[in-house]
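# Examining the three-dimensional arrangement
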Amino acid sequence: MKKRPFVFLCTGMSLDGKLSNYKKECVPISSDDNRDMLYDMRVFADAAMVGGNTLELDDPGLMIKGDKRIKQRKKLNKPLDLVKVSVISNANNLKVNGDFFNRGDGEKVIFTTKETSDDKIKELRKKANVFVMGEKKVNLKKALEILYELGVKSLLVEGGGELIFSLLKDDLVDEINLKIGNLIIGGRDTTTFCDGDGFGKLFFKKVKFLEVIKKPNCLILKAKIVK
Ligand SMILES: NC(=O)c1ccc[n+]([C@@H]2O[C@H](COP(=O)([O-])OP(=O)(O)OC[C@H]3O[C@@H](n4cnc5c(N)ncnc54)[C@H](OP(=O)(O)O)[C@@H]3O)[C@@H](O)[C@H]2O)c1
C-alpha cells in the first residue's frame, strides 16, 4: 500500500454547523472572529488543502501569520511557506491572479480532472504543479499519495464541506480540529462541516473525542476518527 500524509482537518463552524452563510461568504463563525486556532495549526503542516469552491470563493492565501509562528516553524525545521493544494474538478473559470497562487514562495499543487480544458491546464502550469486525475472527480487517495511523494508528510485540510465529506468517505482523515463558534447562522442550503451526499446508516463515521476547551466565544474540540 502506498503512503499518504497524516491528514488533519481544521475548520471553524457556527454552533449550527455552518462554514459560511447562505451567500457562501467567508463570514465570522464566532463573535470575536478570532482565527488563531487555524493559524496555529498551519505551523505544524507541510501543506494546506482547500476545495475548489473555497479556492474560487475565498481565494485563501494560506500563509503562516505572526512572528511567533514563524519562529516556531523555524524551530520545527519547516520551510516558512506551506505547500498550497487545491482539488477542483473543473478549473476552467479559476483565476490565477489572487492570493492562493501569488502569495508566498511555497509550491502550489492543483488536482483537477479532464473537465478542465488543455488551454486552462497550460495557464495553471505557469503557476502550479497540476495533476489531471480522472474524468469528473479527483481521486483523492491517489492525490494524497502524490503529495506524500512530493514530501508532504502532514496535510492540513481547511474545508469546505464537499471536500471534507469526500475525504471522510474515502477514510482519508486522521484527526479533526473544530472551532465551534457562538453564532447561529442558519440556512437550509448553507455549507456545513460535512456535506456531499451524506452517509448511509451503516456507514456513519465515528469519532473519539480527545479534548474540549471552552473559551468565551467558542469551543475548541479535538477528535480522532475511529477506524
Ligand atoms: N469556516 C471555515 O473554516 C471554512 C473553511 C473552508 C471553506 N469554508 C467555506 O466553505 C464554502 C465552500 O465549501 P463547499 O463545500 O461548497 O466546497 P469545497 O469543499 O471548498 O470545494 C468542493 C470542490 O472540490 C471539487 N472536487 C473535485 N474532486 C472532488 C472530490 N473527490 N471530492 C470533493 N470535491 C471534489 C468539487 O468539484 P465538483 O463538485 O464539480 O466535483 C468542488 O469544486 C465557502 O463558502 C467557504 O467560505 C469555510
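Refer to the preceding data block for the structure.
A brief structural summary. Residue numbers run consecutively from 1 along every chain, following the written order of its sequence. Totals for whole chains, interfaces and linings use all residues, but because this is a predicted model, local features are given only for residues with pLDDT of at least 70 and pairs of side-chain atoms are given and counted only at 80 or more. Side-chain metrics rest on all non-hydrogen atoms present in the structure, leaving aside hydrogens and water.

On to the layout of surface pockets. The space that makes up the second largest pocket amounts to roughly 440 Å³. Both site types are read off a 1 Å grid over the protein atoms alone. A 1.4 Å probe that fits but cannot get out defines a cavity, while an open set with protein on both sides within 12 Å along at least five of seven lines defines a pocket; lining residues have an atom within 4 Å of a point. As for the second largest pocket, its lining consists of 21 residues, and the residues nearest its centre are Asp36, Met37, Asp40, Lys215 and Ile220. Listed by contribution, the elements that provide at least two residues to the lining of the second largest pocket are helix 1 (36-42), helix 3 (67-75), strand 7 (175-181), strand 8 (207-214) and strand 9 (218-225). Grouping the constituent residues of the lining of the second largest pocket by class yields eight nonpolar, four polar and nine charged. Grid points are joined across faces, edges and corners, and a volume is the space filled by probe spheres set on the points. In this description a helix means any DSSP run of H or I spanning at least four residues, a strand means any run of E spanning at least two, and both kinds are numbered starting from the N terminus. The nonpolar class holds Ala, Val, Leu, Ile, Met, Phe, Trp, Tyr, Cys and Pro. Asp, Glu, Lys and Arg form the charged class, and all remaining residues, Gly among them, are polar.

Ordered in space as 5-4-3-2-6-1-7-9-8, the nine strands form an open sheet in which the pairing is mixed. Whereas interior strands pair on both sides, the edge strands pair on one side only; in this sheet they are strand 5 (129-132) and strand 8. Strand-to-strand, the axes of this sheet are offset by a mean angle of 20°, without reference to chain direction. As defined by bridge partners, strand 4 (residues 108-112) adjoins strand 5 across four bridges and the pair is classed as parallel. Of the residues in strand 5, the one forming a bridge with phenylalanine 111 is phenylalanine 131. We call two residues in contact when some of their heavy atoms are within 4.5 Å. Axis lines are fitted through C-alpha atoms, for helices just across the contact stretch, and the angle between N-to-C directions can take any value from 0 to 180 degrees. Set on the sheet, helix 6 (residues 140-149) makes contact with strand 1 (6-13), strand 2 (47-51), strand 3 (83-87), strand 4, strand 5 and strand 6 (154-159); between it and strand 4 the angle comes to about 155°. Sheet strands in contact with helix 7 (residues 161-169) are strand 1, strand 2, strand 3, strand 6 and strand 9, and its direction is about 135° off that of strand 6. We treat two strands as partners when DSSP finds at least two bridges between them.

When a protein is soluble and globular, its nonpolar side chains tend to lie buried together. By nonpolar core is meant a set of buried Ala, Val, Leu, Ile, Met, Phe, Trp, Tyr and Cys residues that side-chain atoms within 4.5 Å join together. Burial classes: relative accessible area under 20% of the type maximum marks a residue as buried, over 50% as exposed, and values in between as partly exposed (1.4 Å probe, protein chains only). Judged by nonpolar contacts, the single largest core of 34 residues is most densely connected at Met49, Val85, Phe111, Leu147, Leu155, Val157 and Phe193. Here this core gets five residues from one element, more than from any other, and that element is helix 6. With sequence-adjacent residues up to four places away left out, leucine 155 is seen in contact with Pro5, Phe6, Val7, Phe8, Ala47, Ala48, Met49, Leu144 and Leu147. Residues Phe8, Cys10, Ala91 and Cys218 belong to the second largest nonpolar core, which totals 26 residues.

It suffices for a single heavy atom of a residue to lie within 4 Å of a molecule or strand for the residue to be listed as near it. Taken together, 24 residues surround the ligand, and among them Lys24, Thr54, Ser89, Lys137 and Ser166 come closest. The contact in question runs from an oxygen atom of the ligand to an N or O atom on the backbone of leucine 163, over 2.9 Å. A distance of 2.6 Å separates a nitrogen atom of the ligand from a polar atom in the side chain of serine 166. Surface accessibility in these figures is a Shrake-Rupley result with a 1.4 Å probe; residues are shielded only by whichever protein chains are displayed. Burial of the ligand by the protein chains amounts to 86% of its free accessible area of 930 Å². Here the shell around the ligand gets five residues from one element, more than from any other, and that element is helix 2 (residues 52-58). Taken together, the residues of the shell around the ligand break down into six nonpolar, 13 polar and five charged. Throughout this description, a polar contact denotes any pair of N or O atoms lying within 3.5 Å of each other; where both atoms belong to protein, one of them has to be capable of donating a hydrogen while the other can accept it, and for residues adjacent in sequence the pair is counted only when both atoms sit in side chains.

Of all the positions in helix 5 (residues 118-125), only Lys120, Ile121 and Leu124 are classed as buried. For helix 5, the angular spread of buried residues about the axis comes to 100°, placing them on one side. Exposed residues pointing more than 90 degrees away from the buried face of helix 5 are listed as Asp118, Asp119 and Lys122. On its buried side, helix 5 packs onto helix 4 (99-102) and strand 5. In this description, the arc belongs to the directions extending from the helix axis to the C-beta atoms.

Moving on: the side chain of glutamate 158. Following the sequence through the fold, glutamate 158 ends up in strand 6. Residue classification places glutamate 158 among the buried residues on the basis of a relative accessible area of 14%. A distance of 2.8 Å separates a polar atom in the side chain of glutamate 158 from a polar atom in the side chain of arginine 42. Apart from residues lying up to four places away in sequence, glutamate 158 is in contact with Cys10, Thr11, Leu38, Arg42, Ala48, Met49, Val50 and Leu62.

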